[in-house]
Amino acid sequence: MIKFNKTFFFVVLLFLTFILLFLSTNIQRTVLNKSQVDDYELSRIESDDFFFETNNDWNRRKELFHLQHNRNQYFNSPSMFFQDNYEPTFSCRFEQRLGINGDGGKWICDVYRLKQLKSCLIYSLGSNGEFSFENETKRFLPNCDIHTFDMKVFNCTNICTFHQVKIGDGINETKTLRMLMSDYDHTQRSLDILKIDVEGSEYEFFDELFSKKDHVSENIRQILVEIHLSRILKQVNNVTVYDYEKIHRLFELFHENHFVIFHKEVNLYNPHNAFEFSFIKLNRKFFENNNQSTTP
């Protein structure tokens, strides 16, 4: 008959208790981690992995987007058009201005997220020889490949790759974004930032860009554009009038292609006719109204 050993029994019991506590703690940690990930899943999916915030905060963003988007009514006042129309519908927590203050610099959404990429691609269309945006962007984002385009010849040294070209819709010796990206074998890459200031040619440029869905038009993350009223002027019975439908259509194109406005800035050199807008693309699911009220 085996003699009962109290000491041995106590040691075994203590060991089993330790094992159970260890397993229980790890199970709880695993469940907690999964719960935390699940709580951030909505923002991750609806921003195509760009944002990562709680579902409650993200739903609040969505509700505020719909409220402001519906308030962006169409008022056709030439002297105050940009004051009355198209306010930002989204906010970036860590947006940052790269480039000089005033004309030349641009606001980018959450620059630090681009730092985390192994490589990124930036197109700057229209520079007029002012490279402060490229200089500061390269300093903050050395992993980014920057290509700058302009009608005139300029030298941006080793900060970017410069190309002399006229930007437009592919007519009258102009080149579209598809043409440019094809020329430099970028058609299968994502364009992380598209900066464009082409003095009114943005209307034809974006009409052509969004005229079809392909890898180029579907894979632009941020658009930083100066929009001009000068190109919506037309003559009717020898009277100058504004073709407002043209500019409203441009903003509808951005919306239809799932871009939201995260920054708006007046160009004080020409405040009634030129404004800077920054857009970021989200997943189409973001635009579905979930009817969940989270605001007070």
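Everything below is about the structure shown above.
The rules behind each value
Residues numbered from 1 in each chain as written. Predicted model: local features only at pLDDT ≥ 70, side-chain atom pairs only at ≥ 80, totals over all residues. Heavy atoms only, no water. Disulfide = S-S within 2.5 Å. Helix = DSSP H or I, 4+ residues; strand = E, 2+ residues; numbered from the N terminus. Buried < 20%, exposed > 50% of the residue type's maximum accessible area, 1.4 Å probe, protein only. Arc of directions from axis to C-beta. Contact = heavy atoms within 4.5 Å.

Q: Give me the state of the cysteines: which residues, what numbers.
A: One covalent bond between the sulfur atoms of two cysteine residues makes up a disulfide. For the structure on display, the rule yields 3 disulfides. Put simply, Cys92 and Cys109 are joined by a disulfide, and their sulfur atoms are 2.1 Å apart. Looking down the S-S bond of the Cys92 and Cys109 bridge, the torsion is -100°, so its handedness is left-handed. Here Cys92, found in the loop between helix H4 (81-84) and strand S1 (96-98), pairs with Cys109, found in the loop between strand S2 (106-108) and helix H5 (111-115); they are 17 residues apart in sequence, far enough to count as distant. Cys109 matches Cys92 in its accessibility class, with the two residues each being buried. Covalently, Cys120 is tied to Cys144 through a disulfide, its sulfur atoms 1.7 Å apart. Residues Cys120 and Cys144 are joined through a disulfide that is right-handed, its torsion about the S-S bond being 125°. Of the two residues, Cys120 sits in strand S3 (residues 120-125) while Cys144 sits in strand S4 (residues 144-150), which places them 24 residues apart along the sequence. For Cys120, a relative accessible area of 1% corresponds to the buried category. Counting only the cysteines that form disulfides, in the order they appear in the chain, gives the pairing 1-2, 3-4, 5-6.

Q: Please set out helix H8 (residues 202-209) residue by residue, giving values where relevant.
A: Residues of H8 that are buried: Glu202, Tyr203, Phe205, Phe206 and Leu209. Viewed end-on, H8 has its buried residues packed into an arc of 165°, placing them on one side of the element. Lining the buried residues of H8 we find S3, helix H7 (177-183), strand S6 (191-196), helix H9 (215-218), strand S7 (220-228) and helix H10 (244-256).

Nothing here speaks to function; it is all geometry.
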